[in-house]
Amino acid sequence: MNNLILELKNLRFYLFIPYITLVLAGFVVLATLKGSDFKDLAACASVIQIFVSGFAVWWPIFILKEYLHSPGKELLFVYKARKDILMNKMLLLWGLYALHVVVLFFYFSTLFKPVIYLFIATIIQCLFLIALAYFLALLLQNTFIPLIFNFAYVFTLSMVVFSDLPISIFTRGVPDNPGILNTSVIVLILAGILFWAGYQMEMRLYKNSI
Amino acid sequence: MELIKIYEYILRVFWRSKNLRIPYIILLLLAIALVILCFYIQLQYNYSFDTLRLLVWPIIIFVVFFIYISYELTVKIYDHNMPEYLKTYGQGLCKTYGAIILCLLTLIMIPALLFSAFAVFLYFFIHAQYPPFLLHLLKLSLLYFVLAFSIGGMLGTAMAAILKSRRLAVYSLTLIFLFLNTRATEALFRTPYLLFNSYGGEKLLYNIKDFFTIVPLELGSTFEVAPLYGFPMEPYRWMLAVFWLLFPLTLILYECIAGKKKKMILAVSSLLLLLAVGLFSLRGSTLLMDMRTTSFVIGDNMYYTEMGHGPAVLAENPKKFAIKKYIMDFTVSNELHAVVDLTVDNPNLEKYDFTLYHGYKLKSISTADGKPVPFVREEDYLTVSPAPDTDRLVFRYYGKSPKYYANCQGITLPGYFAYYPKAGKHEIWSQVNNSYVFDLPSTDSEYIVSIHSNLKVFCNLEGNNNSFQGKSNGLTLLAGMYSQVADKLYAEPIREDAPVPNAAMIRKADASITEACKRLQRSPEPFLIGDRKIFQVPRTFHLNSQTESAVVMSDHITTDGIYDGKNFAMEIMQAHFNQQREPVFSSCYLSCLFDSLNKNDPLVKTRMNHVSLLKELDEFLYLESQVNSITPEKLRTLPEPEIVEYSKRKQRYDEMFLTTHLKTAYYLFYQSPCKEDNLRAYFDFFTSDSKEHYLDLAEKLLREEVEHADR
């Protein structure tokens, strides 16, 4: 955990980008509600999915960058203990991001109710996107492609075809019923599979690094 | 070393790098899959503009991918500390960059040519036989594929040259670039005016976005492409594309070149930036199909309704003068530039009121001999005070409208729109209907028009070579991918949602009108199309207005699409109705009159009881009076219990709105034993100047029927 905090601190200005987007998401949701006389909850749900879920991968990708692109990347693997595996870091970062999302949803709960279903759907989407970024980064030994892929996926599927395609993890409609969690279980299972596959690659990478 | 040799080495480096080769091969496979998908969609729906839109949608992702390829390929020089070594050779670094750019161009050309070939193939596949469309597709290929991909390559190379291995910065800039080229910005950019009432903030954000927009049809755009205009490719977009190619090139050169030339490159780079910003600010009339407050879609609605520019209720406006003659000189470049010389029929007035859309900025008003004339402008209205006995006034103005655009790519200026000064004060936008208002002069004026444009302009008056002359009560100008398709019929040749209009359709429409009038025992003469010219305008016109299905002027008609003769006849008839406040009711009326009701509709099939219908109508009218009596300002001052009561009434009113209209219309005009009398009564009402509420007449007719049944 201490290492992770140091790695996050090392991001300097870039550490704060998710904070900026979360604050912006708060403003955008408020504006969307105000623009629709506090009626258009479906639009709020899509804004939250673009801004909150989309930026979940920011910290994980930028932490992974040090392990995959920095000049001393081998050293980072050499000094790694088993508890320091990257997958744990990814899960910790997801937990940290989810904590921030909880705060944001507390604020959303003052604007519209209920928020719990949308919150659950959102944090599961965040977990999936982090798992996907982790898997792609280790598969391709590169962090640029997972970043592009993540945002291309979020922008395309949340705006162009939304949930009409089976490959979409996003939900459409008013977030006031448990129906929006229909796809969440599958997304959660997929996230687990991606983490497992990523972990297998990480173990190989760890061995090769030594 | 020879450039060609370095180019070969760089290609080898690319091919040996798994990080680059595998994603590139995947990208090519995706490009092929996209083309196959587009072909499948074309076979399914047979609508080439939608197919092309699907092809263009993900282009920005390809551009971002080329940023990745070019960055990763170039940054290898810095990851392996090569620059100093390369600089020891004669222009070694420059040649290496040149070879990298050549290599990137090679890689870019494969998907770009694939997409371009598909676009051209589509032209032949649909048997378009309209060369301007082929030219449009070639331009599309160049701007949206070749140039856009090359820009991606140049940006990635420039970022590697300037930012080197600072990946965090490169990632962030790439993401900002991707974000600005999608519709994800829409919700964010609305925030300044929705929360802080800052329309300027929104405008600034969109200006920044537009400057960075490489693919004009953005990812997430849901609006259809108008076949008259095609994909946005105005001159400023080409200028921006060239800028985004040259500006990164200057940054790369700055990195390669040493000594005094560095300063020169910096100066060129700054000059380019200044020039691009300057030209960008002069972009003029452009087609903006998004949800910004100045867009085609909501621009006028926002201006008149939300931003508080709506005119005060116009006082009775007795017609004091008419315009006898217009001599117009239009130049359509980045926007409309006009010199309009008009002659009024009554030179003895102290003041003359005119209507000219607020988007047109007046430079001057003068007499025929050049003496300036004082005037006062208030939004759309002009009050001119010339010296006595002045019958000719010359207006000089320029500007644009978000909806009725005029630029180098297309012109849609219908005769009912105030893009030139019209006599009297007329409402342009109705806040009640959320639609445009057409208040056409009752008398014809004489027009002498000359238009300077790179496009062939089609006009309701006679003439050629963009010079026209004749008499009418409105001047319509259309240009772009537009043509005369039959005698007196003008339309977009590549519009696939409707058949190309033909004379048989018009004959069928006239026959339907005659038949309907015979049923009504009224003369069909005023409603017949006769020898009027017909201009089909883009279907997108109905996006923000329900009144433009058909507009009838003295010598021509504009319509947003002729689907079949009967439908067109109904639209023509509706255009003659004065009471257009509620399109649902009048559409139902026309469906009954023209016998085109859907007989399987459950509401049509259900036998209605006129007593309960009358009760329902009474309740609806009561609710309407209650809801309309409370303005938004008054609502804010009401105590909480009254607001709750108002909300309940409003909800009930909204629930009843559609069904009450449909049930009333279906009963009165289809099920009632007095339906023929009802049809006649409403026909006289719709074609009169009566200010009575259209449902009051329904209530009266129903009450009479109830009383008659009681007796």
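Residues numbered from 1 in each chain as written. Chains lettered and ligands numbered in written order. Predicted model: local features only at pLDDT ≥ 70, side-chain atom pairs only at ≥ 80, totals over all residues. Heavy atoms only, no water.

Asker: Quick rundown of the overall build of chain A? Include the residues and the values.
Answerer: Within chain A, the regular secondary structure consists of nine helices and zero strands. Overall, chain A shows an N-to-C arrangement of helices and strands of α-α-α-α-α-α-α-α-α. Taken across its 210 residues, chain A has 59% of its residues classed as buried. Relative to all contacts within chain A whose residues are 6 or more apart in sequence, the contacts with residues 24 or more apart total 75%. Accessible surface for chain A amounts to roughly 9,200 Å². Of this, 70% is attributable to carbon and sulfur atoms. (Helix = DSSP H or I, 4+ residues; strand = E, 2+ residues; numbered from the N terminus. Buried < 20%, exposed > 50% of the residue type's maximum accessible area, 1.4 Å probe, protein only. Contact = heavy atoms within 4.5 Å. Areas by Shrake-Rupley, 256 points an atom, 1.4 Å probe, with all protein chains shown as cover.)

Asker: I'd like a description of the pattern of salt bridges, backed by residues and values.
Answerer: A side chain with one charge can pair with a side chain of the opposite charge if their charged atoms come near. The final tally for this structure, using the stated rule, is 29 salt bridges over all chains. The residue Glu66(A) makes a salt bridge to Lys65(A) at a minimum N-O spacing of 3.2 Å. A relative accessible area of 9% means that Lys65(A) is categorised as buried. Close ionic contact of Asp290(B) with Arg292(B) constitutes a salt bridge, the shortest N to O distance being 2.9 Å. Arg292(B) shares its class with Asp290(B); the two are buried. Residues joined in a network through salt bridges with shared partners are Glu224(B), Glu492(B), Arg495(B), Asp497(B) and Arg539(B). (Salt bridge = Lys/Arg side-chain N within 4 Å of Asp/Glu carboxyl O.)

Asker: Lay out the UniProt feature "transmembrane region" (unreviewed entry) in chain A in plain terms, naming residues and giving numbers.
Answerer: Residues and elements named next belong to chain A. The UniProt entry lists residues 12–33, 45–64, 90–109, 115–140, 147–167 and 179–199 under the feature "transmembrane region" (unreviewed entry), expressed in the numbering used here. The distance from the first to the last C-alpha atom of residues 45–64 is 29 Å, and the span holds 85% helix and 0% strand. Helix makes up 96% of residues 115–140 and strand 0%, with an end-to-end C-alpha separation of 37 Å. (UniProt positions renumbered as here; feature names shortened; annotations may be inferred.)

Asker: So what's going on with the sheet that holds strand 8 (residues 411–413) of chain B? Which residues, and what values?
Answerer: Residues and elements named next belong to chain B. In space, the three strands of this open sheet follow the order 8-16-13, with antiparallel pairing throughout. Each having just a single partner strand, strand 8 and strand 13 (458–459) make up the two edges of the open sheet. Alignment of strand 13 against strand 16 (residues 477–479), held across two bridges, turns out to be antiparallel. The partner of Phe458 across the bridge, within strand 16, is Leu478. (Pairing = 2+ DSSP bridges.)

Asker: Which residues make up the UniProt feature "transmembrane region" (unreviewed entry) in chain B, and what are the values?
Answerer: Residues and elements named next belong to chain B. The UniProt record marks residues 21–43, 55–75, 96–126, 142–163, 170–189, 238–257 and 264–282 with the feature "transmembrane region" (unreviewed entry), using the residue numbering of this structure. The span residues 142–163 shows a helical share of 100% and a strand share of 0%, and its end C-alpha atoms are spaced 29 Å apart. In this annotation, residues 264–282 is assigned 95% helix and 0% strand; the end-to-end C-alpha distance for the span is 27 Å.

Asker: Tell me what's going on with the sheet that holds strand 6 (residues 381–384) of chain B, and back it up with residues and numbers.
Answerer: Residues and elements named next belong to chain B. Strand order in the open sheet formed by four strands is 5-6-3-9, and the pairing between neighbours is antiparallel. In the strand order of this sheet, the two ends are held by strand 5 (375–378) and strand 9 (422–423), each with one partner. Note that strand 3 (residues 352–355) and strand 6 share four bridges and pair antiparallel. The residue bridging Tyr352 from the neighbouring strand is Val384, located in strand 6.

Asker: Which residues make up the nonpolar core, and what are the values?
Answerer: Ranked by size, the top nonpolar core spans 191 residues in total, and within it Phe112(A), Phe115(B), Phe133(B), Tyr144(B) and Phe231(B) carry the most contacts. Not counting the four nearest positions on each side in its chain, Phe115(B) is found in contact with Ala31(B), Leu34(B), Val35(B), Leu55(B), Ile59(B), Phe62(B), Phe145(B) and Phe149(B). Counting residues in hydrophobic clusters, the runner-up holds 76 residues, among them Ile323(B), Leu342(B), Tyr405(B) and Val449(B). (Core = buried A, V, L, I, M, F, W, Y, C linked by side-chain atoms within 4.5 Å.)

Asker: Residue-level account of the packing of helix 7 (residues 131–163) of chain B against helix 11 (residues 235–256) of chain B, with values.
Answerer: Residue and element names in this part refer to chain B. Here helix 7 crosses helix 11 at 25°, and the two axes come no closer than 9 Å. The pairing of helix 7 with helix 11 is recorded here as roughly parallel in orientation. For helix 7 against helix 11, the interelement crossing comes out left-handed. Residues Lys139, Leu142, Leu143, Leu147, Ser150, Ile151, Met154, Leu155, Thr157, Ala158, Ala161 and Ile162 of helix 7 form the contact with helix 11, whose participating residues are Arg237, Trp238, Ala241, Trp244, Leu245, Pro248, Leu249, Leu251, Ile252 and Glu255. Counted by class, the contact of helix 7 with helix 11 contains 17 nonpolar, two polar and three charged residues. (Axes fitted to C-alpha atoms, helices over the stretch in contact; angles between N-to-C directions. Parallel < 35°, antiparallel > 145°, perpendicular 65-115°, else oblique. Left-handed = near helix turned anticlockwise from the far one by under 90°. Nonpolar A, V, L, I, M, F, W, Y, C, P; charged D, E, K, R; others polar.)

Asker: Any chance you could break down unusual backbone geometry for me, citing the residues and the numbers?
Answerer: The linkage connecting Lys113(A) with the following residue, Pro114(A), adopts the cis geometry, with an omega of -10°. Among the secondary structure elements, Pro114(A) is positioned in the loop between helix 6 (86–111) and helix 7 (116–140). In this structure, Asn465(B) is a non-glycine residue whose phi angle is positive, near 50°. Along the chain, the position of Asn465(B) falls in the loop between strand 14 (462–464) and strand 15 (467–472). Asn465(B) sits in the exposed class, given a relative accessible area of 71%. A positive phi angle, close to 60°, is found at Gln521(B), a residue other than glycine. Residue position: Gln521(B) is located in the loop between helix 14 (503–520) and strand 19 (533–536).

Asker: Describe the state of the cysteines, naming the residues involved and giving the relevant values.
Answerer: Residues and elements named next belong to chain B. Per the counting criterion, the structure on display carries zero disulfides over all chains. In this model Cys94 remains outside any disulfide bridge; the closest cysteine sulfur is found in Cys256, 4.1 Å from its own. Cysteine Cys674 remains unbridged, with the sulfur of Cys592 as its closest cysteine sulfur at 15 Å. When its relative accessible area of 28% is taken as the criterion, Cys674 is described as partly exposed. (Disulfide = S-S within 2.5 Å.)

Asker: Residue-level account of the interface of chain A and chain B, with values.
Answerer: Contacts between the two partners involve 31 residues from chain A and, on the opposite side, 32 residues from chain B. Remark: the boundary between chain A and chain B carries zero salt bridges. Linking chain A with chain B are six residue pairs in polar contact (both at pLDDT 80 or more). The element that contributes the greatest number of residues to the side of chain A that touches chain B is helix 8 (residues 144–160) of chain A, accounting for 10 residues. (Polar contact = N/O pair within 3.5 Å; in protein donor to acceptor, adjacent residues only side chain to side chain.)

Asker: So what about the packing of aromatic side chains? Which residues, and what values?
Answerer: Residues and elements named next belong to chain B. Applying the stated criterion to the full structure yields 91 aromatic pairs over all chains. Their ring planes at 50° and their centres at 5.9 Å tell us that Phe685 and Phe686 sit as a pair that is tilted. The lysine or arginine in question, Arg283, covers the ring of Tyr236, its NZ or CZ lying 5.9 Å from the ring centre. Sitting over the face of the ring of Phe280, Arg283 holds its NZ or CZ atom 4.1 Å from the ring centroid. (Phe/Tyr/Trp six-rings, centres within 6.5 Å; stacked < 30°, edge-to-face > 60°. Lys NZ or Arg CZ within 6 Å of the ring centre and 35° of its normal.)

Asker: Which residues make up helix 22 (residues 694–710) of chain B, and what values go with them?
Answerer: All names here are of chain B. In a regular helix each residue adds 1.5 Å, so 17 residues correspond to 24 Å; helix 22 covers 25 Å between its end C-alpha atoms and thus fits that length. Where helix 22 is concerned, the buried positions are Tyr694, Leu695, Leu697, Ala698, Glu699, Leu701, Leu702, Glu705 and Val706. Here the buried face of helix 22 lies against helix 16 (583–593), helix 18 (610–628), helix 20 (640–671) and helix 21 (675–686). (Expected span 1.5 Å × (residues − 1).)

Asker: Provide a residue-level description of the packing of helix 4 (residues 59–79) of chain B against helix 6 (residues 92–125) of chain B, including the pertinent values.
Answerer: Between two packed helices, the angle of one axis relative to the other and the distance separating the axes together describe the packing. Residue and element names in this part refer to chain B. In contact at an axis separation of 11 Å, helix 4 and helix 6 are set at 155° when each is read in the N-to-C sense. When the interaxial angle is binned, helix 4 and helix 6 end up roughly antiparallel. Viewed along their axes, helix 4 and helix 6 form a crossing whose handedness is right-handed. Taking contact as the criterion, the partners of Ile59, Phe62, Phe66, Ile69, Ser70, Leu73, Thr74, Ile77 and Tyr78 in helix 4 are, on helix 6, Leu93, Thr96, Tyr97, Ile100, Cys103, Leu104, Leu107, Ile108, Pro111 and Phe115.

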